[in-house]
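Coordinate inspection notes
Residue-level listing of the chains:
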Amino acid sequence: MAETEDAKTTEEEEPKKKGVGLLVLIAGIVGGLAIGGGAVYFLTRNGGDEAAATDEEQAAPAEEEAGGEEGPAADLLIVRARRVAVPMIDGDLNVVGYMWVDLAFETDGPENQSYVSARVPALRDAFLRDLHSRRTTRTDRPGALDFDLVHERLEAATKATLGEGRVLAVRIINAQRVPK
């Protein structure tokens, strides 16, 4: 009978140990969250009176530093045009190669995005007509595309084709030389 009494006492002690361990675990988690929350609070506040400032009041200095212009925020949407062929024309109007250029048109709002998307073929036509008529390479490096010049001409062709205000900016996002 001595063996059965020892077995009963160990079986009764094990659940008590598991219950205490679970309570310690829960207390540790709650304590850790409290300490972490307090640390985040003290690290993110700016101190005294500045802590009472709203998000708008804190954002105002950033806008003033950016240029001081206040206007409605743009609903920036992108229209992409992949693989536009750009000839590399030197000063003598000889074609020395071609570049594939990927473009991104930044538009304000879904109406302008739809308008530009529907007119991408007209834009490609305007780009090809303009870029095949004049020099597109750099004067100091005849075999290299002059990205600044091409960018200016792409923006001018975009404004001439679509009108003012439809496209905020034309971005060259990728350029790759066409293999010979």
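**Comments concerning the pairing of strand β2 (residues 95-108)**
Pairing between strand β1 (residues 76-89) and β2: twelve bridges, direction antiparallel. Bridge pairing in β2 links Leu77 to Thr107. Following β1, the chain reverses through five residues before pairing antiparallel with β2; Leu93 in that reversal takes a positive phi of roughly 65°. Looking at chain direction, β2 and strand β3 (residues 169-177) are connected through eight bridges and run antiparallel. Counterpart to Ala104 in the pairing with β3 is Arg171.

**Re the sheet that holds β3**
Taken in spatial order, the three strands of this open sheet run β1-β2-β3, and their pairing is antiparallel. Because the sheet does not close on itself, it has two edges, and the strands there are β1 and β3. Mean inter-strand twist for the sheet, computed between neighbouring axes without regard to direction, equals 25°. This element, helix α4 (residues 120-131), spans β1 and β2 of the sheet and lies at about 30° to β1.

**Observations concerning the packing of aromatic side chains**
Going through the model one piece at a time under the given rule, you end up with one aromatic pair. Judged by centre distance (6.2 Å) and plane angle (20°), the ring pair of Phe105 and Phe127 falls under stacked. With Phe105 in strand β2 and Phe127 in helix α4, the pair connects residues that are 22 residues apart, well separated along the chain. Comparing Phe105 with Phe127 shows no difference in burial state: the two are buried. One Lys or Arg, Arg119, reaches over the ring of Tyr115 and ends 3.6 Å from the middle of that ring. Over the face of the ring belonging to Tyr115 we find Arg166, whose NZ or CZ atom lies 3.7 Å from the ring centre.

Scoring rules and cut-offs
Note on numbering: residues in each chain are counted from 1, in written sequence order. The model is predicted, so local features are restricted to residues of pLDDT at least 70 and side-chain atom pairs to those at 80 or more, both for listing and for counting; the totals for chains, interfaces and linings are taken over all residues. Only heavy atoms go into the side-chain values, all of them from the structure, while hydrogens and water stay out. When DSSP finds two or more bridges between two strands, those strands count as paired. The way it works is that DSSP assigns letters per residue, a run of H or I at least four long becomes a helix, a run of E at least two long becomes a strand, and they are numbered from the N terminus. Note on method: axes are straight lines fitted to C-alpha atoms, helices fitted across the in-contact stretch only, with angles between N-to-C directions ranging 0 to 180 degrees. Whether two residues are in contact is decided by their heavy atoms: any pair within 4.5 Å suffices. Only Phe, Tyr and Trp rings take part, Trp by its six-membered ring, and two of them pair if their centres are within 6.5 Å. Stacked means planes under 30 degrees apart, edge-to-face means over 60, and tilted covers everything else. Between buried and exposed lies partly exposed: a residue is buried under 20% and exposed over 50% of the maximum accessible area for its type, with that area taken using a 1.4 Å probe on protein chains only. For a Lys NZ or an Arg CZ to count as sitting over a ring, it must be within 6 Å of the ring centre and within 35 degrees of the ring normal.

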